[in-house]
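As a plain string of letters, each chain reads:
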Amino acid sequence: MSNYRPIDSKREEFRKYLERAGVMDALTKVLVSLYEEPEKPDDALDYVRKHLAEGSPDTEDVETLKNDLEASKARVEILEQENASLKEKLSTYEPASTPEAPPAAEDASQPEDHAEATPEAETAAAPEGGAE
């Protein structure tokens, strides 16, 4: 009888694994729904497969998504090449500038707050008789 102990413990361990993974609950739910089905399907195995895979995409959907992904990747590649080409053309028309320097258009849009930061502006903004 001691020969059967390891097999039973392995089975019990496997059963616990299936319970932790949610397999037992999923199978139970599918089998209960099959049992409660008023008209039993001709192919019970197909019924179980469909209901276990419920929520997962169909093969056709997956293929459509794969094709869309490939088309999008090709479009991105074309746009990246076009972008590089346009950057190259632009660099021939623009003078060389450092990337840290802000564009001249940004400087013009800044308010005249910089004038207040000068030492003359600080002394003018200080209250009279403040250093007694």
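One can find the structure itself at the top, above this paragraph.
Residues numbered from 1 in each chain as written. Predicted model: local features only at pLDDT ≥ 70, side-chain atom pairs only at ≥ 80, totals over all residues. Heavy atoms only, no water.

1. Observations concerning the overall build of the protein
Here is step 1: Across its full length, the protein holds six helices and zero strands.
Here is step 2: Listing the helices and strands of the protein from first to last along the sequence gives α-α-α-α-α-α.
Here is step 3: Of all 132 residues assigned to the protein, the portion counted as buried reaches 5%. (Helix = DSSP H or I, 4+ residues; strand = E, 2+ residues; numbered from the N terminus. Buried < 20%, exposed > 50% of the residue type's maximum accessible area, 1.4 Å probe, protein only.)

2. What to know about the packing of aromatic side chains
Here is step 1: Applying the stated criterion to the full structure yields one aromatic pair.
Here is step 2: Geometrically, the ring pair formed by Phe14 and Tyr17 is tilted, given 6.0 Å between the ring centres and 35° between the ring planes. With Phe14 and Tyr17 both in helix α1 (residues 5-21), this residue pair falls three residues apart, about one helical turn.
Here is step 3: When the ring centre of Tyr35 is taken as reference, the NZ or CZ atom of Lys40 above it lies at 5.8 Å. (Phe/Tyr/Trp six-rings, centres within 6.5 Å; stacked < 30°, edge-to-face > 60°. Lys NZ or Arg CZ within 6 Å of the ring centre and 35° of its normal.)

3. Some thoughts on the packing of helix α2 (residues 23-36) against helix α3 (residues 44-52)
Here is step 1: Between α2 and α3, the shortest axis-to-axis distance is 10 Å and the interhelical angle comes to 130°. By the criterion of interaxial angle, the relationship of α2 to α3 is oblique. The two elements α2 and α3 meet at a crossing, and its hand is right-handed. Contacts between α2 and α3 involve Ala26, Leu27, Val30, Leu31, Ser33 and Leu34 from the former and Ala44, Tyr47, Val48, His51 and Leu52 from the latter.
Here is step 2: Broken down by class, the residue content of the contact of α2 with α3 amounts to nine nonpolar, two polar and no charged. (Axes fitted to C-alpha atoms, helices over the stretch in contact; angles between N-to-C directions. Parallel < 35°, antiparallel > 145°, perpendicular 65-115°, else oblique. Left-handed = near helix turned anticlockwise from the far one by under 90°. Contact = heavy atoms within 4.5 Å. Nonpolar A, V, L, I, M, F, W, Y, C, P; charged D, E, K, R; others polar.)

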